[in-house]
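One letter stands for each residue in the lines below.
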Amino acid sequence: MTGTQRREQLVEIARSLFAERGYDATSIEEIAQRANVSKPVVYEHFGGKEGLYAVVVDREMSILLEMIMSSLTQNRSRVRIERVTLALLSYVEERTDGFRILVRDQRATSSDGTYSSLLNEAIGHVSHILAGDFSRRGLDPALAPLYAQALVGMVSTTATWWLDERIPAKEVVAAHLVNVCWNGLTNLESNPQLRSEPDPGLGGDDPSK
């Protein structure tokens, strides 16, 4: 293997072990054994377990943040909610090991490299979007951070639950989350569906849809 290929191999092996056992229960020795290399090779690339763990977390944070942010850049409000919900659930589905690491172990990373900090960044973006929507509708934009906290918190908590459940399908989970976000408990749809086209919603003419 080239140095780059070896580094990628070690990152993937470490990601699997950290997800399975947690940071404390994972050793450099076992990572090296699975990669069929000596421990000094791992130290050469990452300096130690903390360095390797930090690389794993940083990569997962970057992937998840990109998925979330790209879902917020287009469309009207309801479709944004649908897509950010699906983005997080898709990440859980496609990179389960990474999500387990992000929500479980953070002790070896800095304060700006945690799942909480990622959610705070997402909340900031959602708050900015909602503030503009609220202003256009004559609502108080100062309340946007409160609603952003509620929306992101509900989606992230449900994603953590769905990590182990995996039933119903992510599209169904997303539809029901949007149902609560958009319609409220008193106006729930009995069989909510995701919408494939942008919907008027907060930024449009009919806030009831």
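Along every chain, residues carry numbers that run from 1 in the direction the sequence is written. Only residues with pLDDT of at least 70 get local features here, since the model is predicted, and only at 80 or more are side-chain atom pairs given and counted; chain-wide, interface and lining totals rely on the full set of residues. Processing note: side-chain calculations cover all non-hydrogen atoms of the structure and skip hydrogens and water entirely.

- By the naming in an unreviewed UniProt entry, the chain goes by TetR/AcrR family transcriptional regulator and is assigned to Antrihabitans stalagmiti.

1. With respect to the overall build of the chain
Step number 1: Going along the chain from the N terminus, every DSSP run of H or I of four or more residues is numbered as a helix, and every run of E of two or more is numbered as a strand. A tally of helices and strands in the chain yields nine helices and zero strands.
Step number 2: The order of helices and strands in the chain, counted from the N terminus, is α-α-α-α-α-α-α-α-α.
Step number 3: Relative accessible area decides the class of each residue, using a 1.4 Å probe on protein chains only: under 20% of the type maximum gives buried, over 50% gives exposed, and in between gives partly exposed. The burial tally for the chain puts 46% of its 209 residues in the buried class.
Step number 4: Here a residue-residue contact requires only that any non-hydrogen atoms of the pair lie within 4.5 Å. The long-range fraction of contacts in the chain, counting pairs at least 24 apart against all pairs at least 6 apart in sequence, stands at 64%.

2. With respect to the confidence of the model for the chain
Step number 1: Each residue carries a pLDDT score, the predictor's confidence in it, ranging from 0 to 100. Across the chain, the average pLDDT comes to 83, with 87% of residues at or above 70.
Step number 2: Contacts of residues 197-209 to residues separated by more than four positions or lying in other chains number 32 contacts, the stretch itself having pLDDT below 50.

3. Regarding a nonpolar patch on the surface
Step number 1: Patch membership requires more than 30% relative accessible area and the absence of a salt bridge. Residues of like charge join within 9 Å; the nonpolar side chains Val, Leu, Ile, Met, Phe, Trp and Tyr join within 5 Å. Residue exposure ignores everything except the shown protein chains as possible cover, and the areas themselves are Shrake-Rupley values with a 1.4 Å probe. By definition, a salt bridge exists where a carboxyl oxygen of Asp or Glu is found within 4 Å of a side-chain nitrogen of Lys or Arg. A surface patch of nonpolar side chains, about 300 Å² in accessible area, is lined by Leu143, Leu146 and Tyr147.
Step number 2: Assignment of secondary structure puts Leu146 in helix α8 (residues 144-165).

4. Focus on the side chain of Glu30
Step number 1: Within the element layout of this structure, Glu30 appears in helix α2 (residues 28-35).
Step number 2: A distance of 2.3 Å separates polar atoms of two side chains, one belonging to Glu30 and the other to Arg21.
Step number 3: Glu30 has contacts with Leu17 and Arg21, leaving out every residue within four places of it along the chain. Identification of polar contacts relies on pairs of N or O atoms within 3.5 Å, with a donor-acceptor requirement for protein atoms, meaning one able to donate a hydrogen and the other able to accept it, and with residues adjacent in sequence counted only if both atoms are side-chain atoms.

5. Focus on the nonpolar core
Generally speaking, nonpolar side chains in soluble globular proteins are found buried as a group.
Step number 1: We define the nonpolar core as a collection of buried residues of types Ala, Val, Leu, Ile, Met, Phe, Trp, Tyr and Cys that are connected through side-chain atoms lying within 4.5 Å of one another. Counting 53 residues, the largest nonpolar core has Phe18, Ile31, Val42, Leu52, Leu64, Ile68 and Phe99 as its most contacted members.
Step number 2: Apart from residues no more than four positions distant in its own chain, Ile68 is found in contact with Val84, Ala87, Leu118 and Ala122.

6. Thoughts on the UniProt feature "DNA-binding region" (unreviewed entry) in the chain
Step number 1: UniProt positions are given in the numbering used here, feature names are shortened, and annotations may be inferred rather than shown by experiment. When the UniProt feature table is mapped to this numbering, "DNA-binding region" (unreviewed entry) covers residues 27-46.
Step number 2: Within residues 27-46, the helical portion is 80% and the strand portion 0%, while the C-alpha atoms at the span's ends are 13 Å from each other.

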